[in-house]
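# Coordinate inspection notes
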Amino acid sequence: MTMVAHPPDRVGPSAIVHVAPGPHLQDAAFTTRRMMADVLVGLAPVMAAAVAVFGWFAVMQVGICGLACLAAEYLFHTVMRRKPATLGDLSAVVTGAILGLSLPWSAPWYVGVIGSFAAIGFGKVVFGGLGMNLFNPAMVGRAFVMISFSVALGAGAFVLPDAPSVLSQATPLTVGKMTGEVTPLWPLFVGNVNGSLGETSAIACLLGGLWILVRRAGTWDAPLAIVGTVAVLSAGAQLAGIHPSLTVGHHLLGGSLLFGALFIATDPVTSPLTRSGRAVFGILIGLFVMVIRLFSGYPEGVMFAVLLANAMVPLINRWTVPTPLGGPVPGPVQKGGGA
Amino acid sequence: MSAQAFGARGTGSFPRGIHPAQAKHHSAAAALEVLPPPARVEIPLLQHLGAPATAAVKPRDPVAWGTVLGVASGFVSASVHSPLGGKVVRLGVTTLPNGRHVPTVAVAAEGEQVAGQALWEALYGGPWPTAGLDELTPEAIGAVVREAGLVGQGGAAFPTHVKLTPNPAKPVDTVLVNGCECEPFLTADDRLMREAPAPIVAGALLAARAAGARQVVIGVEDNKPEAVAALRAAAEGTGVVVQSVRTKYPQGGERQLVLSVVGRIVPTGGLPLDVGVVVVNVGTAAAIAAAVLRGRPLTHRVVAVTGPGVVRPANLLVPIGVSYREVLDFCGGLRPEAVRVLSGGPMMGLAVGDLATPVTKGTSGITVLTAREVRKAAETACVRCGRCGEACPLGLVPTRLALASRHRDWALARRYHIQACIECGCCAYVCPAAIPLTQLIRMGKAMLPKE
């Protein structure tokens, strides 16, 4: 970028005319920071539902994870790698909020802290920071603590035996899978069930997700593909009589499917670049979720499904290079052939 | 000329694209004015795509308005003519906004000039026949267009006679006149369509006659209803169809306009000619009429002088070869906050570093931006949001192309079809990380090794 000092003669008092390559305009309203802020706004209804169901546990978990992610980002990125501070882009806060909302209410405080440091450290900074990571950082953090503290995050951790509220019940998918008991769908929809903090209320996830899609902080392709795939596969499972107490409605509204589809699979960094790529990505997530839910020891599989699909994103990108509007660039052979 | 007989019609729009602030209000209401003849002009011998013209005059040669200064030196080349009566001062060299050093002929005005209303009347005024044009042979029209030095006035400046010369292997059925002017700020075509619709219609019919097209459509973005109305009135009974298309950038790109209006996809690496369409700008159409029907070579053009950095935005008929400085002076000069002077509009226009640069046949406008408008956000990391791909009118993945260009990974660049990029600027405009995507891709295209 050069600046040419220019003798202005009679033209105006401006002595310097900047020279730069075009385009010379920019949509200043849409920035990475705004995208992240919109995700946080989208998470607000989920947070509200979590507070309504779990009270102070929700505030504590999300607060711990948010602060720990900011601290980890500053430590790893700014102190250790000596890069300019990136806390202002809000991406660490988003990671912390999603991680906190994906934990059970009962997780001890150090689970959130360790999960946050794993999320930012192993999930993001080792890959080169924002935009470079292969796996969703929040899911990396959650997988790390899930394996490290299997008791604190297992299906049993959700249940507090003598609590008067929903906290005394097992999570709906666990119930359906283990005992064959059918949970009514309405509590799943509004969120009055046990589970990870952010996943219980379908309506809150839908509201927040709608905000993200409307503000274009995320794209609709992957969520639609996930929900569609799960709907089709769960209908098939129901017809085939696999876990008959879990209907299509349970699979769609229960567990963290909507939370994962709308807040985790919409993470732009770890999803494919093109619309068709994101559709493939969503179908894969839906497939992995159903395989884990129906045939594994875990009652829920969104986290592992997202991580598995993340690993396939580079491959999906290779498969889904779009063809330009006028067709591929003609090769030298065709040019001479006059075809 | 039964235009309505054609079934193949576009939807009036094209996939993707962007909606930047139109910013036409600076100059849209300013009626066309004629710039007083300058004392001196410097006319580049290369103002077009192709080979430069060869100088046909020597210093101290007397010239009149329309005298040939440079002769086309090949088929893809264009002659240049004097816009003034006077004397050749010298043969020099100048640098055009695209960075090319080109030979020039400087002419000093002497004696009485055709100016003001008389100049306007000679080029655009009065009645323009739309009937009886079939008496002219296509070859005669093509020859006159070539002699008159016509090039596309939308910006790319491709010699017009090359487009109009019939090619038996690629028959043309449609002449599409481009009145979109989709670049923000620019209003020159808008004013010309409103104030001189008749020569545009006549020129479009002549182009159709020359190219052997049976259908003539004028495509105008729907943010210019006055232009549409004026053209429709002028085109009544001629068979020329005026079609309003969606206001969306880059609607005026010829690939996009052909798709919007005719519903055909121009192949990558090809031209509209490959799908039977010839696209000419409205200014070019009017110049065809002036050349064929009035014997006027291309010596003047309409230029929008606009943007918040200009004291008095205007739309001017200026002689080719006049300096940007003189044009800006006529418009009151630059405001103190002006930071960038552009040849063309802000999306595809080129920044001008020296105001002595002459206006050429392809100068569609002079846009002066202030610090408020120019790109300034610091670049941050790509979060792969894919917005660039959703904006790209070609359906490319700009972030990948920019990455490949930055790292000179030509295999990746080719896999993502870098050569198909038209450099419209949509990707860089929308990028939330402020990555100069278009700029990087442009560099990559230029550096891409030949196969």
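So, here is what we can say about the structure in this document. (Residues numbered from 1 in each chain as written. Chains lettered and ligands numbered in written order. Predicted model: local features only at pLDDT ≥ 70, side-chain atom pairs only at ≥ 80, totals over all residues. Heavy atoms only, no water.)

### Details of the packing of aromatic side chains
All names here are of chain A.
- Evaluation of the coordinates by the stated rule reveals eight aromatic pairs over all chains.
- Seen in terms of ring centroids, Trp109 and Tyr110 are 5.9 Å apart; in terms of plane orientation they differ by 85°. Their pairing is edge-to-face.
- The exposure class of Tyr110 is partly exposed, given its relative accessible area of 36%.
- Ring centres 5.6 Å apart and planes at 55° place the aromatic pair Tyr110 and Phe149 in the tilted group. With Tyr110 in helix 4 (residues 109-121) and Phe149 in the loop between helix 5 (137-148) and helix 6 (150-153), the pair connects residues that are 39 residues apart, well separated along the chain.
- Assessed through its relative accessible area of 22%, Phe149 is described here as partly exposed.
- Connected via pairs of aromatic rings, a cluster forms that spans Trp109, Tyr110 and Phe149. (Phe/Tyr/Trp six-rings, centres within 6.5 Å; stacked < 30°, edge-to-face > 60°. Buried < 20%, exposed > 50% of the residue type's maximum accessible area, 1.4 Å probe, protein only. Helix = DSSP H or I, 4+ residues; strand = E, 2+ residues; numbered from the N terminus.)

### A closer look at unusual backbone geometry
All names here are of chain B.
- In the segment running from Tyr249 into Pro250, the intervening peptide bond is cis, with an omega of -5°.
- As for its placement among the helices and strands, Pro250 is situated in the loop between strand 11 (241-245) and helix 7 (254-262).
- Positive phi values are uncommon outside glycine, yet Arg60 reaches one of about 75°.
- Following the sequence through the fold, Arg60 ends up in the loop between strand 3 (54-55) and strand 4 (62-63).
- Here Arg60 falls in the exposed class, since its relative accessible area comes to 65%.
- The backbone phi angle of Glu181 is positive, close to 45°, even though this residue is not glycine.
- As for its placement among the helices and strands, Glu181 is situated in the loop between strand 9 (174-179) and helix 4 (188-195).
- The class of Glu181 is buried, set by a relative accessible area of 8%.

### Points about the sheet that holds strand 2 (residues 40-44) of chain B
Residue and element names in this part refer to chain B.
- In space, the four strands of this open sheet follow the order 2-8-7-4, with antiparallel pairing throughout. Taken across any chain shown, the strands that pair with only one partner, and hence form the sheet edges, are strand 2 and strand 4.
- Relative to strand 8 (residues 101-109), strand 2 is paired through five bridges, and the arrangement is antiparallel. Bridge pairing links Arg40 to Ala108 in strand 8. (Pairing = 2+ DSSP bridges.)

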